[in-house]
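Okay, here's what each chain looks like letter by letter:
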Amino acid sequence: MAILRIENLTKNYGSVKALNNVSFAVPPKTVFGILGPNGSGKTTLLGIVMDILKVSSGSYKWAGEDTPEGLRKKIGTLLETPNFYHYLSAETNLKIAAKIKGHGEADIDKVLQTVNLYERRRSKFNTYSLGMKQRLAIASTLLGDPEILVFDEPTNGLDPAGIAEIRELIKELNRQGKTIIMASHILDEVEKVCTHVAIIQRGVLKTVGSVSEVLNTSGANAASILIELSAADNQHLKNILQQMPGIETISETENGIEVVCPESISAEQVNKFCFDKGIVLGKLNVKRKSLETRFLEITGKQSDR
Amino acid sequence: MLQLFKIEWLKIRTYRTFWVLFAGFIIFFPVAFYLSAYKYMERMNDAKTMEENLLKALLDAPFVFPRAWHASAWMGGLFFVLIGMLFILLITNEVQYRTHRQNIIDGWSRMDFLKAKFSILIFFVIVSTLLIFIMGLVVGTVFSPSTAKMFDGVKYVGYFALMATLYLVLAFLVAILIKRTGLSIIIYFAIVCIIDNVLWLIFTLKESQVGYYMPLEAVDSLVPNPFKPKMLEKRTVADYTLVIAAVTYIAIYAWVIITYFRKTDLKT
């Protein structure tokens, strides 16, 4: 039973297709990442399932028999930017949110403590720094201890310590059995926090599945590995590697050479091949393919993605 | 509805601009109304010359029962644009802070949002109408020689309530469609002060009565300037037809607001 099922969702802004026929389902008790570059349609997608934006075609369904408003009351959502009344205190702002939700008023002190804003609870929202505003928005999503949380770029504007805290909080919430849907353009974040990922680019769903599935399968690059190597003369090393059969791509990095090849080729074989050609390797490192590599494979390398 | 109003009240209770504009209405209107009544009656009592006596007869003392209600409603209408402006501000603020999105994310339906704002509209209409009634009563009691037939003109308080509702529903419509605070207020004032009067002028040329049915003129004509001599009044259409026109306008504006807001993307 999916928490959220999205079917053939399309959203047009004039002639621009912000979302094009996107379908996927969010399994319960997962941290579901929606990954994509800026402007790829992540926020549009979340806006639609929150009834902020209207679909051009397609449909979505949250689990539960309630009305859409009734279901939203049970979901903690941070969409795009922290939205609060600038002239009201953090406390009053949370009180309004709790009253709209119809529950969670008793949690206000607790959630403010969770995000370290309790001491500043009576300060007006417009006196807050960007990071504090973001933390207040996260506090607001925790009101009423919801079973489902939706975060759009949750670590936006936070300092490194804040980022680590929020990532830890998200993992902790997941350990408590909650389902978390999280949009991000930060690969590292998705890799560290999420159990599942959907990659979208220019409104098109490129791939979806558990993080390990997405990393290891699909398409021509199925089950390939990444090998980092270096030698005294990297240029010469590169020329030699080009002669090796089976290797898919060779690229130069600042630290040496990166090679993508099928799993059937082992590090030993590469080492032996180079040694036979008269090159002694200074470094040989086999990496599981990272999400970043997969992401670039899936979306291409141009920055207009 | 009451629950929605309580949440709206939480939003504005400590909002300084709200209190400035609201107090502007509930303080300035009574003070201005009482002072003009006081000055006017003072001059009337001093009137010695023929001309002034004639004037007195013509005007038929607007601050005396039963006409005090009419004068209170008319003058209240002049100050009521402050409330119109305030109402626009309370709606466009939500767009500016993106809280209209957050309210819905947190679990209001689109209709809940409109109903919450409508509850504020009702609040403004009730408070201002009460104030009009009280000031009519106070000024009438202070300056009238007798209290016979004192409630004859009390229908003007009802006309004021209708006028206030129409002005605020129009403000609601402008704010929902335009979204930007400054532009909304400018357009609202342009409609109230210029466009509606120009329409009235055009449609009352050649003795036509159509002009009295223009969107705001319908309610403005129900409460005409009490200082304008009756012989200059050219309106022949009955009050009740204007009431019907005003109610129709309110219904149309409300329909447009609801239809638009339920289907639109909530952007800033």
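Residues numbered from 1 in each chain as written. Chains lettered and ligands numbered in written order. Predicted model: local features only at pLDDT ≥ 70, side-chain atom pairs only at ≥ 80, totals over all residues. Heavy atoms only, no water.

> In this structure, what is going on with the overall build of chain B? I would like to understand it.
Across its full length, chain B holds 11 helices and 0 strands. Reading the helices (α) and strands (β) of chain B from amino to carboxyl end gives α-α-α-α-α-α-α-α-α-α-α. Whereas a compact globule of 268 residues would reach a radius of gyration of roughly 18 Å, chain B reaches 20 Å, a difference of no more than 12%. Along the first, second and third principal axes, the C-alpha set of chain B runs to 70 × 45 × 30 Å. Look at the contacts in chain B between residues 6 or more apart in sequence, and 80% of them connect residues 24 or more apart. A total of about 12600 Å² of accessible surface is found on chain B, and carbon and sulfur atoms cover 70% of it. (Helix = DSSP H or I, 4+ residues; strand = E, 2+ residues; numbered from the N terminus. Rg over C-alpha atoms; globule rule 2.2 N^0.38 Å. Contact = heavy atoms within 4.5 Å. Areas by Shrake-Rupley, 256 points an atom, 1.4 Å probe, with all protein chains shown as cover.)

> What exactly am I supposed to notice about the interface of chain B and chain A here?
Many analyses report the size of an interface as the accessible area lost when the parts associate. Contacts between the two partners involve 26 residues from chain B, matched on the other side by 27 residues from chain A. Of the roughly 2700 Å² buried where chain B meets chain A, counting both sides, 56% is carbon and sulfur surface. One can count 5 salt bridges joining chain B with chain A. As a salt-bridge pair, R101(B) and E80(A) come within 3.4 Å of each other at their nearest N and O atoms. Inspection of the region where chain B meets chain A yields 16 residue pairs in polar contact (both at pLDDT 80 or more). Considering each element in turn, the side of chain B that touches chain A owes the most residues, 6 residues, to helix α6 (residues 99-105) of chain B. The class makeup of the residues in the side of chain B that touches chain A is 8 nonpolar, 8 polar and 10 charged. (Buried area = accessible area lost by both parts, 1.4 Å probe. Salt bridge = Lys/Arg side-chain N within 4 Å of Asp/Glu carboxyl O. Polar contact = N/O pair within 3.5 Å; in protein donor to acceptor, adjacent residues only side chain to side chain. Nonpolar A, V, L, I, M, F, W, Y, C, P; charged D, E, K, R; others polar.)

> Is there a simple way to explain the nonpolar core in this structure?
The nonpolar side chains of soluble globular proteins are, as a tendency, buried together. Counting residues in hydrophobic clusters, the biggest one holds 122 residues, and the most contacted among them are F24(A), I34(A), W62(A), F29(B), F87(B) and F124(B). Examining the composition of this core, we find that 19 residues originate from one element, helix α8 (residues 155-178) of chain B, more than from any other. Excluding residues that lie within four positions of it along the chain, F24(A) makes contacts with L4(A), R5(A), I6(A), F32(A), I34(A), L45(A), A198(A), L205(A) and V208(A). In terms of nonpolar packing, the next biggest core, distinct from the first, is built from 43 residues, V115(A), L143(A), I166(A) and L187(A) among them. (Core = buried A, V, L, I, M, F, W, Y, C linked by side-chain atoms within 4.5 Å. Buried < 20%, exposed > 50% of the residue type's maximum accessible area, 1.4 Å probe, protein only.)

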